[in-house]
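Understanding the architecture of this molecule
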Amino acid sequence: AFKRTGARRDFSAQPPQTMCDILKENGKTVYGVGKIEDIFDHHGITKSNHAAGNPACMQATFEAMDEDFDGLLFVNLVDFDMVYGHRRDVKGYAAALETFDAQLPEIQAKMGEDDLLMITADHGCDPSYTKTTDHTREYVPYLICGKGVKPGVDLGTKLCFGTIAHTICDYLGVDASTLDGQSILPEILK
């Protein structure tokens, strides 16, 4: 019956230099929605909306997409992890996925000509795995779409989140050579 509250805060140790820091140092907006600023100990974030729960985070995302800025909109839909994944609520997880899936057309309609949408996770949290309530998978999805993205590209298995960081920085014209990973931008752009 354990439930986390919407006022939950994650207290992180100060991270090493991240993509967020690099983008901010290069004059880009790093707009965090949800608990992004907590995850990065408030480093590298230029604007934040600490909305709680998927519905509030999606509303904040839609509002942020109406703003004019040059950079990254970084959204954390924490309910997939906190409310459904760790609590092993398969039906709730499925319903949350269906809700998000139904919102994708609205996200795509708000995307500009040059916008990219990347959908991923920081870890697996299979709601059907009942042996523990810990994280469950080492591999996560990495889906990318946008008007300039080649359809049907199989990215295979990548080694680290640095792939995502480098791809974002590469797309925004920012040098991320101090980070691990490698950009896949040449593989995905038309």
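In the block above lies the structure referred to throughout.
Before going into details, it helps to say that this report is about the structure given with it. Computed from a predicted model, the values in this text were never measured in an experiment.

A closer look at the sheet that holds strand 1 (residues 29–33)
Read across the open sheet, the three strands follow the order 2-1-3; overall the sheet is parallel. A strand with exactly one partner marks an edge of an open sheet, and here the two such strands are strand 2 (47–49) and strand 3 (71–75). Across the sheet, the mean angle separating the axes of adjacent strands is 10° when strand polarity is ignored. In this structure, strand 1 lies alongside strand 2, joined through three bridges in parallel fashion. Within strand 2, the position partnered with Gly32 by the bridge is Ser48.

What about the nonpolar core?
Core analysis: the largest hydrophobic core is formed by 24 residues, its most contacted members being Met19, Leu23, Ile144, Ile168, Cys169 and Ile188. Secondary structure elements with two or more residues in this core: helix 1 (19–25), strand 5 (142–145), helix 6 (162–171) and helix 7 (185–188). Excluding its chain neighbours within four sequence positions, the residues that come into contact with Cys169 are Met19, Ile22, Leu23, Val174 and Ala176. Within the second largest apolar cluster, 17 residues are counted, among which are Met58, Tyr84, Met111 and Leu117.

Examining the packing of aromatic side chains
For any two aromatic rings, the description comes down to two numbers: the centre-to-centre distance and the angle of the planes. For the structure on display, the rule yields two aromatic pairs. With a centroid separation of 5.7 Å and an interplanar angle of 45°, the aromatic rings of Tyr31 and Phe69 are classed as tilted. Placement of Tyr31 in strand 1 and of Phe69 in the loop between helix 3 (54–65) and strand 3 is noted, with a sequence separation of 38 residues between them. For Phe69, a relative accessible area of 26% puts it in the partly exposed group. Summarising the aromatic geometry, the rings of Phe40 and Phe74 are spaced 5.6 Å apart at their centres and angled 55° between planes, so their arrangement reads as tilted. Of this pair, Phe40 sits in the loop between helix 2 (36–39) and strand 2 while Phe74 sits in strand 3, and the two are 34 residues apart along the sequence.

Here we look at the environment of Asp38
Mapped onto the fold, Asp38 is located in helix 2. For the pair formed by Asp38 and Ala13, sequence separation is 25 residues and the distance between their alpha carbons is 9.7 Å.

Points about the side chain of Asp21
Take Asp21: it is sitting in helix 1. Salt bridges are absent for the buried Asp21, whose nearest opposite-charge side chain, Lys24, sits at 6.7 Å. Not counting the four nearest positions on each side in its chain, Asp21 is found in contact with Pro16, His43 and Gly44.

Quick word on the pattern of salt bridges
Should the charged atoms of two oppositely charged side chains come close, the side chains can pair. As enumerated under the stated definition, the model contains five salt bridges in all. The salt bridge partner of Asp70 is Lys28, with a shortest N-O separation of 2.7 Å. Taken together, the positions of Asp70 in the loop between helix 3 and strand 3 and Lys28 in the loop between helix 1 and strand 1 put the pair 42 residues apart, joining distant regions of the chain. Residue classification places Asp70 among the partly exposed positions, given a relative accessible area of 43%. The exposure class of Lys28 is buried, given its relative accessible area of 15%. Residues Glu113 and Lys147 are paired through a salt bridge, measuring 3.6 Å at the closest nitrogen-oxygen approach. Of this pair, Glu113 sits in the loop between helix 5 (90–110) and strand 4 (117–120) while Lys147 sits in the loop between strand 5 and helix 6, placing them 34 residues apart in sequence. By relative accessible area, Glu113 is classed as exposed at 58%.

Calculation notes
- Residues numbered from 1 in each chain as written.
- Predicted model: local features only at pLDDT ≥ 70, side-chain atom pairs only at ≥ 80, totals over all residues.
- Heavy atoms only, no water.
- Pairing = 2+ DSSP bridges.
- Helix = DSSP H or I, 4+ residues; strand = E, 2+ residues; numbered from the N terminus.
- Axes fitted to C-alpha atoms, helices over the stretch in contact; angles between N-to-C directions.
- Core = buried A, V, L, I, M, F, W, Y, C linked by side-chain atoms within 4.5 Å.
- Buried < 20%, exposed > 50% of the residue type's maximum accessible area, 1.4 Å probe, protein only.
- Contact = heavy atoms within 4.5 Å.
- Phe/Tyr/Trp six-rings, centres within 6.5 Å; stacked < 30°, edge-to-face > 60°.
- Lys, Arg positive; Asp, Glu negative; His and termini not counted.
- Salt bridge = Lys/Arg side-chain N within 4 Å of Asp/Glu carboxyl O.

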